[in-house]
Amino acid sequence: APRIAVGSYPEETTPASEPLPLRRFSRDEVQRMVDAEVLIEGAPVELLEGWLVRKMTFNPPHHVVVALLIQAFAHCLPSGWHFRAPGTVVTANSEPEPDGMILRGTIRDYTARHPEPADIALVIEVADSSLRLDRTLKAALYAGNRVAVYWIVNINDRQIEVYADPTGPAAQARYRSRQDYGMGETVPVVIEGQEATRIAVADVLP
């Protein structure tokens, strides 16, 4: 079967009067495309709300932030929780790949399956070129699936954006609360409504 490249249509070559040939896919359809080698396994795309979205290229600061997050969370979480970076989350019609998560249970609990939203206390995206996507489509996805707390580690603005109080499933799912923390501040790590520890912004930014 021919392989397909997933990308975006160049604006200047897309006639404004003609609808783009777009459709949404289910998780099963995407898996069948991978099995048939129509979509290459490991291709730089994520399934977000049925859309195959191209992942941004990670630059050196992005990798550094992920490594710093792993270091910061290594020994500060309460019993019964652990930190994973990066990972895959499974929802009804999405498989986002956040840069970090606090998950219920132990590492080995997820040997046979990916985490689901109910397993997650906190989900983290590291943003530079991906900031718009992280603030819109991904925020709506996590809020719609009731992930309690969502962080965006905003490299460009040197801050951590903390989103909380998700609407759950809604026509326009969103987080009702946002608070930004800058350099010199510490961010509360909230697990099931309780502050478990605090992370210094400066400890996770390059």
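Before reading on, note that the structure itself is shown above.
Residues numbered from 1 in each chain as written. Predicted model: local features only at pLDDT ≥ 70, side-chain atom pairs only at ≥ 80, totals over all residues. Heavy atoms only, no water.

A. View of the sheet that holds strand β7 (residues 159-166). The mixed open sheet is built from six strands, whose spatial order is β3-β4-β5-β6-β7-β8. In this open sheet, the two edge strands, each paired with only one partner strand, are β3 (81-84) and β8 (175-182). Each adjacent strand pair in this sheet contributes to an overall mean axis angle of 20 degrees, direction not counted. In the sheet, strand β5 (residues 120-127) pairs with strand β6 (residues 149-154) via six bridges, with the strands oriented parallel. Pairing of glutamate 125 across the sheet is with isoleucine 152, part of β6. Across the sheet, helix α2 (residues 60-73) touches β3, β4 (100-104), β5 and β6, and the angle it forms with β5 is around 150 degrees. (Pairing = 2+ DSSP bridges. Helix = DSSP H or I, 4+ residues; strand = E, 2+ residues; numbered from the N terminus. Axes fitted to C-alpha atoms, helices over the stretch in contact; angles between N-to-C directions. Contact = heavy atoms within 4.5 Å.)

B. Molecular detail of the packing of aromatic side chains. Under the definition given, this model contains six aromatic pairs. Plain terms: the ring middles of phenylalanine 73 and tryptophan 151 are 6.0 Å apart, the flat faces sit at 45 degrees to each other, and that makes the pair tilted. Taken as a pair, phenylalanine 73 in helix α2 and tryptophan 151 in strand β6 lie far apart in primary sequence, 78 residues in all. Connected via pairs of aromatic rings, a cluster forms that spans Tyr142, Tyr150, Tyr163 and Tyr175. (Phe/Tyr/Trp six-rings, centres within 6.5 Å; stacked < 30°, edge-to-face > 60°.)

C. Spotlight on α2. A rise of 1.5 Å per residue sets the reference length of α2, with its 14 residues, at 20 Å; its end C-alpha atoms lie 20 Å apart and thus fit the reference within 8%. Here α2 has its buried residues at His62, Val65, Val66, Leu68, Leu69 and Phe73. Buried residues of α2, seen end-on, are gathered within an arc of 165 degrees and therefore sit on one face of the element. In this structure, α2 carries Pro60 and Gln71 as exposed residues pointing more than 90 degrees from its buried face. (Expected span 1.5 Å × (residues − 1). Buried < 20%, exposed > 50% of the residue type's maximum accessible area, 1.4 Å probe, protein only. Arc of directions from axis to C-beta.)

D. Looking closely at helix α4 (residues 137-144). Within α4, six of the eight residues are buried, which leaves it mostly tucked inside the rest of the structure. For α4, the complete set of buried residues consists of Lys138, Ala139, Leu141, Tyr142, Ala143 and Gly144. Count one or two residues on from α4 and you reach arginine 146, which has phi positive near 60 degrees.

E. Looking closely at unusual backbone geometry. For the peptide bond that leads from alanine 85 to proline 86, omega is -20 degrees, which places it in the cis range. Its identity as a non-glycine residue notwithstanding, aspartate 165 has a phi of 60 degrees, on the positive side. Turning to its location among the elements, aspartate 165 is positioned in strand β7. At glutamate 192, a residue that is not glycine, the phi angle is positive and equals roughly 50 degrees. Relative to the helices and strands, glutamate 192 is located in the loop between β9 (186-191) and β10 (194-200). Of the residues examined, glutamate 192 reaches a relative accessible area of 58% and is grouped as exposed.

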